[in-house]
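Geometric and topological summary
Each chain is listed here by its residues.
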Amino acid sequence: SARSYLCSLRPSMSLFRAKEWWSASVGEADEVITAAVGNFDNEPEPALLKLATGSLSGKLRVYRPRQRGYSLEDLLLEAALELPVLQLAAGRLTADSSKLTLAVLHPRALSVYRLVGSGGGSDDGPSYHALECIFSHALERPSYNLLVGTASGSGDFACVQSMDGLLTLLEKERAQPPCQLSKFLLPGPLTYCANTDALLTFNSQLEVDCYRRAHFAPSPASTHPRLQVDWSVPVGEHVTALLVARLSRGMAASQVDIVVVAERLLLYIKENGSIRNQKRLDYSACCAAAHSVDGSSQQRLVVGGRTGAVMVYSDMELLWAARLPGPPATLGVHRFGQQPGLLLSLLYDGTTTLSYLGTTPPPPGAVGAAESKQLNYEAMDAEHRRLLGVIREASTTRPEPAGGISLRAEVPLRCDERGSGEGAEELPALTVRLMAAHSGVAPADDVSMVASCAPPLFLAADHIVLPPLIAGDPPAAVPLVFRARPDELPVDLSATVVVNYSAGGELRCASCELRLPLRLVADPVEPLKTSGFRLTIETNRPPLPLGALFEDMVVDAASAAAEGAALSIVYGCGLDATVLASKKERGRYRVCSSRFEGLWLLTDELVRRLRAHGEGEAGASDGGFAVWYEDSLPLREYFEAIDDHLASRRALVDAKAELEQRARQLRAVEKRLLVRLKDRVPAPIASLEALLEGSHHQLLELAHRAEEHQAQLRFHAARVSAGTRLLLLLLRLKFRLGDEEERLLEAHLSPLTSFSEEASDGWEERTAAALTHLLHHGLKKRGTGAEPSASPSQGAQAPLAMPADAAKVKKSITLVCDRLNKGSRPGKGGAQAAAPGSWEPPGKEAG
């Protein structure tokens, strides 16, 4: 990628290197970071500037560099905002306009924060800081960049440019109606000129456009009025930086330069759009910043190159050149601590550095090495032709090779003998033999096999590297050992095996789906009398002996085959389930369990085995074997599981919030103790050690409580998953859904409830949104006609958030079941199935 290319570039061979004064790692190498400088906590004079950094992972850090070298006290705040941070800016954006605030741009929102310090008592300021959100404005379109400007007479304002060229102005916590840029294709840099009260940007026609802020007025004829360009200046290159500064010599006190830094061009534009000066650059620029000089109204320009070079200009004259450890993403010149003129640089490898322009020479032999290399144009032309041939060959559509690796799984019906070891060796194990055979012409090299399964199932080794496979050799037998944890409810017995390999220089893959036996997660017991939850499955065949259906689960094969009336199992977590066969001619099977979630796995196994037995029979006069469900759907029990799952999610969020508060308290006490210990004349501790010990004990207790809530959430997530799978099975049996209809319904009512601590949305809100879409588009009422077109206001939807209750998702599920009962079927056509009650199971007697 372009970012990796920038990180790998060798710094330019300047004569001098920038000397590091302070540095900190603020992000990962694959993140684009942003920074802002200001007195964010509004510390009284003499105040020290703070450095705020943000990254795409949502981490916001605030530093206070005071002296040479990084120390732990420099980090004032580290917060996780849960949304990517695109840009930071400092400005007075509140209604009173008296306090400096920090503006944070997210993909769909602009939030303004105040840095609040508390726990004072030392010369270094407050003991700890916290972020206080003043206001947050939801954006209509995905954002690109942010501008904070100061207008004469009206104070600071914020302007957000979206990915499709929509400008949104916010002033004194109020947002104006958005306006659309003219001549727009892709977003570009954005700056503000206070002298003319105009916004300047760069368009895709390689021009700099000027828009007057007075033209930002709502229009009754259009929702997003299109702005008129005041003037345009063609540049002819892509612009990397656009700023307003006083750089030219001999200007009046009221004049400024509009500085355009392109890839190979430095351009100064007057306020009326005419060109004042320009200069060709012999390097590729990537960022720029202007800074003031003490005792002078003229400013200087600092330009960063893609090879790590830093150039300092006075007007168009190059004053100094130095090099950084890598190419910078952002540059700035500020005063930190008591040291003025420090160069702030944010590198692409995630490092923030404060440096000064030193005179340490580079290593011997490095000066001029890059400039002395002669270009070989013949070699470049040959390389160009070779790459064109590679691209042409890769873009040509070729048929898929016939040969390849084929996989076949041998799944035993019974588990292995239990070992005598400790830990996982004591759990029941099942060894599956996977046979891999190759039939291609070229041998299969770099063969890697990966297997996966759903909890509580796990593999002893899920990644296996195989030797090269050659056509004609015997198949390679790979043993896969599956085990099941006894503390969780099993909901899925399927497993997937994927093999990646290369054959003839091409990367290929093969996959295999297999289903593990029920004996791995459940043990047969003597028939139990369960009076909890039950449901009835009906068929058009006489009831089969359960001993013939569950040969691998019966305790005594002879007696079970003789009676075949009842079969009981107990899962590893202690939950029981029982299946009873009717003694009459009509084939009915009743599944019972002490808990609602215990019905799923045995019911699914029963239906699978009945269908497999029915498909193996010869054709019958009644139209073939059929399985159906006639009773009412168990929605009440299913909704109780959803309520418990949502309550456990809320309990976990509250526990984490309290844990974070106690962690901040512990950190504040630790800082207070460190300050006391560093004093030359130590002051009395004043029971701080007791407060430290108490805070530590509270932190441990809250951590254990959070772990308990996580375990409860996993338990209720398994309950909801089992209930969802059972409901989908009953809907298919009750309304005779086809395979494609069942797949569409499962895509919207997903049984995958696994939670992630980093995810901002959960199963309830995702399912409610998906089912709402299904009801509006794929499961409409009968006779409603074509799908309604989406209105423009539907494009800006609020982000999903944890609901206060599960009423919305329960209502959506109820509406889906009602639509299915009335004859609608999921699909492109909406209500395309038969009328309600128009089908009867084959072989079912009337009445």
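Residues numbered from 1 in each chain as written. Predicted model: local features only at pLDDT ≥ 70, side-chain atom pairs only at ≥ 80, totals over all residues. Heavy atoms only, no water.

Overview of the overall build of the protein chain
Applied cut-off: Helical segments are the DSSP runs of H or I of at least four residues, strand segments are the runs of E of at least two, and each set is numbered from the N terminus. When accessible area is computed with a 1.4 Å probe and restricted to protein chains, residues below 20% of their type maximum are described as buried, those above 50% as exposed, and intermediate ones as partly exposed. Contact definition: two residues touch when any of their heavy atoms are within 4.5 Å. Here the accessible surface of atoms and residues is derived via Shrake-Rupley with a 1.4 Å probe, and residues count as covered only by protein chains that are part of the display.
A count of helices and strands for the protein chain gives 10 helices and 43 strands. Across the 847 residues that make up the protein chain, the buried fraction comes to 45%. In the protein chain, once contacts between residues fewer than 6 apart in sequence are set aside, the share between residues at least 24 apart is 61%. Surface exposure of the protein chain reaches about 42700 Å², of which carbon and sulfur atoms provide 52%.

Observations regarding the sheet that holds strand β36 (residues 494-503)
The cut-off we apply is this: Criterion used throughout: strands pair if DSSP finds at least two bridges between them. Orientation is described by lines fitted to C-alpha atoms, with helices fitted over the stretch in contact, and by angles between N-to-C directions that extend from 0 to 180 degrees.
Taking strand neighbours across the sheet as the criterion, the 4 strands line up as β34-β32-β36-β37 in an open arrangement whose pairing is antiparallel. Looking along the sheet, the strands with just one partner apiece sit at the ends: β34 (463-466) and β37 (506-515). Direction aside, neighbouring strands of the sheet carry axes that sit 15° apart on average. Across 4 bridges, strand β32 (residues 444-453) lies against β34 in antiparallel orientation. Its bridge partner being in β34, S448 is matched across the sheet by V465.

Considering a nonpolar patch on the surface
Rules: For patch building, the residue pool is restricted to those with more than 30% relative accessible area and no salt bridge; the joining distance is 9 Å between like charges and 5 Å between nonpolar side chains (Val, Leu, Ile, Met, Phe, Trp, Tyr). What counts as a salt bridge is simple: a side-chain nitrogen of Lys or Arg found within 4 Å of a carboxyl oxygen of Asp or Glu.
Residues L319, W320 and L357 make up a contiguous nonpolar surface patch of about 230 Å² in total accessible area. Positionally, W320 belongs in strand β26 (residues 317-323).

Focus on the sheet that holds strand β3 (residues 50-54)
Sheet strands pair by backbone hydrogen bonding; their relative direction is either parallel or antiparallel. Within the open sheet, the 4 strands sit side by side as β2-β3-β4-β5. Their pairing is antiparallel. Single-partner strands in this sheet number two, and they are β2 (34-38) and β5 (75-80). The mean inter-strand angle of the sheet, taken between neighbouring strand axes irrespective of direction, is 15°. Of the pairings in the sheet, the one linking β2 to β3 comprises 5 bridges and is antiparallel in character. The residue of β3 that forms the bridge with T34 is G54.

Quick look at empty space enclosed by the protein
Where we set the bar: A pocket, in this scheme, is an open set of points on a 1 Å grid over the protein atoms alone with protein on both sides within 12 Å along at least 5 of 7 lines, while a cavity is a set where a 1.4 Å probe fits but cannot get out; residues line either one if an atom lies within 4 Å of a point. Grid points are joined across faces, edges and corners, and a volume is the space filled by probe spheres set on the points. Polar here means any residue other than Ala, Val, Leu, Ile, Met, Phe, Trp, Tyr, Cys and Pro, which are nonpolar, and Asp, Glu, Lys and Arg, which are charged; Gly is therefore polar.
Under the defined criterion, the tally for this structure stands at 3 cavities of 30 Å³ or more. In this structure, the largest cavity encloses a volume near 60 Å³. Lining the largest cavity are L139, E140, R141, S143, V160, Q161, S162, L166, T168 and P178. The set of elements that each furnish at least two residues to the lining of the largest cavity consists of β11 (155-162) and β12 (166-171). The element that contributes the greatest number of residues to the lining of the largest cavity is β11, accounting for 3 residues. Across the lining of the largest cavity, the residue classes break down as 4 nonpolar, 4 polar and 2 charged.

Here's the deal with the side chain of R732
Mapped onto the secondary structure, R732 falls in helix α7 (residues 688-735). Sequence-distant contacts of R732, that is, excluding residues within four places in its chain, are made with R611, L737, D739 and E742.

As for the packing of α7 against helix α10 (residues 807-821)
The condition is simple: Geometric relationships in this document are graded by angle, where less than 35 degrees denotes roughly parallel, more than 145 denotes roughly antiparallel, 65 to 115 denotes roughly perpendicular, and other angles denote oblique. The hand of a helix crossing depends on one turn: near helix anticlockwise from the far one by less than a right angle means left-handed, and clockwise means right-handed.
At a closest axis distance of 11 Å, the pairing of α7 and α10 adopts a crossing angle of 15°. Put simply, α7 runs roughly parallel to α10. Here α7 runs over α10; the crossing is right-handed. Where α7 abuts α10, its residues L727, L731 and F735 lie against I813, C817, L820 and N821. Of the residues assigned to the contact of α7 with α10, the class counts are 6 nonpolar, 1 polar and no charged.

Brief notes about the packing of helix α9 (residues 763-778) against α10
Viewed as axis vectors pointing N to C, α9 and α10 meet at an angle of 35°, and their least axial separation amounts to 9 Å. α9 and α10 meet at a crossing whose hand is left-handed. Across the interface between the two elements, E764, T767, A768, L771, T772, L774 and L775 from α9 touch K808, V809, S812, I813, L815, V816 and R819 from α10. When grouped by side-chain class, the residues that make up the contact of α9 with α10 number 8 nonpolar, 3 polar and 3 charged.

A short note on the packing of aromatic side chains
Worth spelling out the cut-off: Note on aromatic contacts: the rings of Phe and Tyr and the six-membered ring of Trp form a pair at centre separations within 6.5 Å, being stacked when their planes are under 30 degrees apart, edge-to-face when over 60 apart, and tilted otherwise.
Following the criterion strictly, the structure yields 6 aromatic pairs and no others. Relative to Y70, the ring of Y63 has its centre 6.3 Å away and its plane inclined at 65°; by these criteria the two rings are edge-to-face. Overall, Y63 belongs to the buried group, its relative accessible area being 3%. In this structure Y70 comes out as partly exposed when scored by relative accessible area, which is 37%. For the pair Y638 and F639, a centre-to-centre distance of 6.1 Å together with 35° between the ring planes defines the contact as tilted. According to the relative accessible area criterion, Y638 is buried, its value standing at 1%. An aromatic cluster is defined as three or more aromatic residues linked by ring pairs; in this entry it consists of W22, Y63 and Y70.

Topic: α7
Selection criterion: To estimate how far a helix should extend, the number of its residues minus one is multiplied by 1.5 Å.
End to end, α7 covers 68 Å across 48 residues, agreeing with the expected 70 Å (1.5 Å per residue, within 8%). Following α7 by one or two positions, R736 adopts a phi angle in the positive range, close to 55°.

Looking at the confidence of the model for the protein chain
Detailed reading of the predicted coordinates is not advisable wherever pLDDT is low. Worth spelling out the cut-off: pLDDT expresses, on a scale from 0 to 100, how confident the predictor is about each individual residue.
For the protein chain, the mean per-residue pLDDT works out to 83, and 84% of the residues sit at or above 70. Mean pLDDT across the elements of the protein chain ranges from a minimum in helix α1 (residues 2-8), with 44, to a maximum in strand β20 (residues 257-262), with 95. Below pLDDT 50 for its whole length, residues 785-796 participates in 10 contacts with residues either more than four positions away or in separate chains. Note on residues 831-847: pLDDT is under 50 here. Beyond four places in sequence and across chains, it has 37 contacts.

Describing unusual backbone geometry
Of note, the bond from P455 into P456 is cis; its omega dihedral lies within 30 degrees of zero at 10°. Mapped onto the secondary structure, P456 falls in the loop between β32 and β33 (457-459). Not every positive phi belongs to a glycine, and K183 is a case in point at roughly 50°. Relative to the helices and strands, K183 resides in the loop between β14 (179-180) and β15 (190-193). Even without being a glycine, D315 presents a positive backbone phi close to 60°. If you trace the backbone, D315 turns up in the loop between β25 (309-314) and β26. On the basis of relative accessible area, D315 is assigned to the buried category, the value being 11%.

What to know about the pattern of salt bridges
Overall, the coordinates contain 40 salt bridges when judged by the stated rule. Note that K183 is salt-bridged to D209, the shortest N-O span being 3.5 Å. Placement of K183 in the loop between β14 and β15 and of D209 in strand β17 (residues 207-212) is noted, with a sequence separation of 26 residues between them. With a shortest N-O distance of 3.2 Å, E317 and R249 are connected by a salt bridge. Here R249 lies in the loop between β19 (239-245) and β20 and E317 lies in strand β26, a separation of 68 residues in the sequence. Several salt bridges converge on common partners, so that one network encompasses R515, D552, D604, E605, R608 and R609.

Some thoughts on the pairing of β15
On β15, burial covers both faces: L190 and Y192 on one face and T191 and C193 on the other are all buried. Of the strand pairs in this sheet, β15 and strand β16 (residues 198-202) are connected by 4 bridges, and their pairing is antiparallel. Bridging from a neighbouring strand, C193 pairs with A198 of β16. Linking β15 back to β16 in an antiparallel pair, the connection comprises 4 residues, with D197 at a positive phi of about 50°.

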